[in-house]
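Read off the chains here:
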Protein chains: 2
Amino acid sequence: MAEQEKDIKDLGEFGLIHHLTDQLPIHNPSTIKGVGDDCAVLKFDADKEVLVTTDLLLEGIHFDLTYVPLRHLGYKSAMVNISDVYAMGGTPRQITVSLGLSKRFTLADMEEFYDGLRLACDAHNVDIVGGDTTSSLTGLMISITCIGDVERGKAIYRSGAKPTDLICVSGNLGAAYLGLQLFEREKEVFYSQQAEAKGQPIDFQPDFSGREYLLERQLKPEARGDIVRQLRQLGIQPTAMMDISDGLSSELLHICEDSHCGCRVYEEHIPLDYQTAAQAEEFNLNVITCALNGGEDYELLFTVPLADKEKVETMDDVKMIGYITDADDGKLLITRDGAQFDIKAQGWNHLK
Amino acid sequence: MAEQEKDIKDLGEFGLIHHLTDQLPIHNPSTIKGVGDDCAVLKFDADKEVLVTTDLLLEGIHFDLTYVPLRHLGYKSAMVNISDVYAMGGTPRQITVSLGLSKRFTLADMEEFYDGLRLACDAHNVDIVGGDTTSSLTGLMISITCIGDVERGKAIYRSGAKPTDLICVSGNLGAAYLGLQLFEREKEVFYSQQAEAKGQPIDFQPDFSGREYLLERQLKPEARGDIVRQLRQLGIQPTAMMDISDGLSSELLHICEDSHCGCRVYEEHIPLDYQTAAQAEEFNLNVITCALNGGEDYELLFTVPLADKEKVETMDDVKMIGYITDADDGKLLITRDGAQFDIKAQGWNHLK
C-alpha cells in the first residue's frame, strides 16, 4: 500500500524512471546496456543491418483517454513501432520510451502504462533500453523508438514492387476503424445522458455486446511477426512491404509511387471480418470504404513475384487481393460488378 | 515567393515531411536508407557497438519561444542528443526527428527549425534519417533520437570511476544558466512595459550588451566532440563520462552512485567564464551555485586514472577539478577557505 500511495512528485524524475525501469528483463544478446546511462549500448552481428523507427503519439490527436485504458495505450504504443520493424522484414530488438506527463497522471497510471508496454515487448522479445520522463503542461505525450535487425541486403522497402507481382494482405481490414467509431458513439451517448441528468449521477453502461473483436482490434493491435516468420520459412522475399497504419489505400499508393508502378485490387478479395461488415451496415457505412481508408489495422501489405503464388497460397491468414501493373495502367479498385475506380488516399468518395 | 506562401495544410503530412527532408545530405557510409520507408536502415562494422539516445523537448517546459528562435531550437535539439553520444565516447551518426505542431506554426517556421537542425547535423557529420510530423492540440513537441557508434568494449559508462581517479571537466560552467536568467529578465521587462503602455505600441529593445557569450551558450550549445577526439588521440580511456545537462552536482552524484564511490571537488578549480562571474554578481547569485546547479552547459565531465594526469594537462580546454574517493569519504565540495560541503543535486542551499 505504501508503494501505491507514493506519488510521482515524491520520486522525482530520476526516481520515477528508476521505479518504472528497474529490473526490466533483457531478451536479446544485442542489448549490452539498457536504461541508466547517457545512451543505450547495443551490438549487432556483422551480417545484420540495423532498423530504426520512431513515433510520436499525442493525447487528443492519436488517442483519447476517455475510452483507452493506459495499460492498452502502453501496449499499443509499443506495438505500432514493433510493427514498423516487421514491415521491413526485420526482427524488433529494443525500444526506448519518452513520456511527457501533466500533473493529473499518478504513479499508478504510469505503472499501468508500463505494464502494457512490457506485455507487448515480452510478447515480441523486445528489450526496453531507454525510459525518459518529463513533465508536460497539458496531456500525455509518448515518443517511442524501436530498433531491430535484418539480414544484410534483405530489408524490404516500399520501392521494389514490379508489374505482375501479387499484392497480398494479412488478417482482415477495417475492424480497428469501426472499433474506434463504436467508442466514439458510446462516448457521445454518455455525454448526452450526463447532460440530461443535470448533475445527478447516471448509471451508464456502454453497449458493445457482439462487437468485442472490433474493440480489441482498436485497443490491442497485434504486430504481424508471425507473417514475417512464415515468409522466411517459405523462402519468400517480398518485393515490397508496409504495415497498414493509415489505411490500405494510402499504403498501396505509397508502394505504387515508390516502385513507379500501378495496381489492380479486387473488392471481392479484400479480407473482412463478419463483425466489421455487420457494424459497417449498422453505421450505414460502406464496409469497403472502411477497409480501404480506416487505418490502424497494423496488418502487413506486401507484394511477391508471381512465381511465389503457390507458396503464398499455403500461408495462414494471408489473402491475395490483386496485382501490380505498369504505372500507365493507373491504381485501380475493381468492384464486384466490374466497375473501376481510382484508388484515392483519403476518403474514397465514389462509394461513400 | 510561391514557395513561401505554401502552407502546411496544403502540403499535408506526407508532403510536409517530403518538403523538409528532401535531398538531405548523407555523410556516413553506415546510412543505407534514410527518410521515406517504415524504418531507416543502417549498417555498422562488426567491431562497433551501437549507441542510442532519445530526448523529448516540450514547449513551455524545455523551451520558451518568446526568446528562442526556431532555428536555434532546431540546432539545440539536435546538439543535446549528439552530446549524449559523445558522453559515451562515441561518434554520432544519425538522428530521427518527430515533431508535434499546433496550428500556429507555418511552413516557414518549420523550415527555420530544420535549417538549425541541419546546421548542427552537418557540423558533426550526422545524417537525418527519419522525420515524422503530426499535429498537436497546443504547442510544439520535439522528439529526437540520436544513433552513434563506438569501438567494441570502449563505451564509457557512468559506473567505472575508481578512487584516486582525477575528475575533469571541459570548457566552463554556469554560462547557459545565466543566459537563461538574462532572457527571463528581459522578458519580464518587456511584459511590464507592455502592460504600462495599455495597448499602445512600445519600442522595446532587450539589453544584452557585453553578455553575448551567455546568450550563445544558452541558445547554441556545442557538443564537445573535439574533447572526445583529443582523448582518443592521446590514448586516454576515461573510466567514467557524462555530459553536463542537469548541472555539475547532479552529474557528479550520478557517477559516484553508479561507480559506488565518493568525490572531492575544489571550488577554486571549477572553470568559469568572466561574463558568467560578472552576470552572477549583477544578479546577486553565487557563481559557484550557478556552475554546480545551472545545467544545460553540455560540457563533458569525466574521470581518468591518476596515471593519465600528465596527458590530461596537455589537453585544450580541460580542467581537473578534484578526484574520486571511497564511498565512505562522502561527496564533498571544498571551498576556497577549506570548508567542506556535501554536494547536493538540486539547489546547493549552503551557499545560496
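Please refer to the structure higher up on the page.
Computed from a predicted model, the values in this text were never measured in an experiment.

Q: Account for the relation of the copies chain B and chain A, naming residues and giving values.
A: Superposition record for chain B on chain A: RMSD 0.0 Å, screw rotation 180°, translation along axis 0.0 Å. Accordingly, the operation relating the two chain copies is best matched by a two-fold axis. Residue Ala46 of chain B of chain B places its C-alpha closer to the rotation axis than any other residue of that unit, at 2.3 Å. Interface residue correspondence from chain B to chain A reaches 100%, placing this contact among same-surface, isologous pairings.

Q: Describe the sheet that holds strand 1 (residues 31-33) of chain A, and please don't skip the residues or the numbers.
A: The strand order 1(A)-2(A)-3(B)-6(B)-4(B)-5(B) describes an open sheet built from six strands, whose pairing is mixed. Each edge of the open sheet is held by one strand with a lone partner, namely strand 1 of chain A together with strand 5 (127-135) of chain B. With strand direction ignored, the average angle separating the axes of adjacent strands in the sheet is 20°. Relative to strand 6 (residues 141-151) of chain B, strand 4 (residues 91-101) of chain B runs antiparallel, the two sharing nine bridges. The residue bridging Leu99 of chain B from the neighbouring strand is Ile142 of chain B, located in strand 6 of chain B.

Q: Mind laying out the sheet that holds strand 7 (residues 166-170) of chain B, listing which residues take part and the relevant values?
A: All names here are of chain B. Read across the sheet, seven strands follow the order 8-10-7-11-9-12-13 without closing on themselves; strand pairing throughout is mixed. For this open sheet the edge positions go to strand 8 (240-243) and strand 13 (340-342), each flanked by a neighbour on one side alone. Between one strand axis and the next, the sheet turns by 25° as a mean value, whatever way the strands run. Across five bridges, the pairing between strand 7 and strand 11 (residues 318-326) is antiparallel.

Q: A description of the interface of chain B and chain A should follow, citing residues and the corresponding values.
A: In this complex, chain B contributes 46 residues to the contact, which on the side of chain A involves 46 residues. Secondary structure elements with two or more residues in the side of chain B that touches chain A: strand 1 (31-33), strand 2 (40-42), strand 3 (48-58), helix 3 (70-86), strand 4, strand 5, strand 6 and strand 8 of chain B. In terms of residues, the side of chain B that touches chain A owes the most to one element, strand 3 of chain B, which gives nine residues. Residues that form the side of chain B that touches chain A fall into these classes: 23 nonpolar, 13 polar and ten charged. In the sheet, strand 2 (residues 40-42) of chain A pairs with strand 3 of chain B via three bridges, with the strands oriented antiparallel.

How each quantity is defined
- What you see as residue numbers is a count from 1 along each chain, following the sequence as written.
- Throughout, the order in which chains and ligands are written sets their labels, letters from A for the former and numbers from 1 for the latter.
- Where local features are concerned, this predicted model is filtered to residues with pLDDT of at least 70; where side-chain atom pairs are given and counted, the filter is 80 or more; whole-chain, interface and lining totals use all residues.
- The copies were overlaid with a least-squares fit restricted to C-alpha atoms from residues scoring a pLDDT of at least 70 in each copy.
- Contact between two residues is assigned whenever their backbone-derived C-beta positions fall within 7 Å.
- Strand pairing is assigned whenever DSSP detects at least two bridges linking the two strands.
- By the criteria applied, helices consist of DSSP H or I runs no shorter than four residues and strands consist of E runs no shorter than two, each listed in order from the N terminus.
- Think of each axis as a best-fit line through the C-alpha atoms, taken over the contacting stretch in the case of a helix, with angles from 0 to 180 degrees between the N-to-C directions.
- Any residue outside Ala, Val, Leu, Ile, Met, Phe, Trp, Tyr, Cys, Pro, Asp, Glu, Lys and Arg is labelled polar, Gly included; the first ten of those are nonpolar and the last four are charged.

Worth remembering: the numbers are spatial, not functional.
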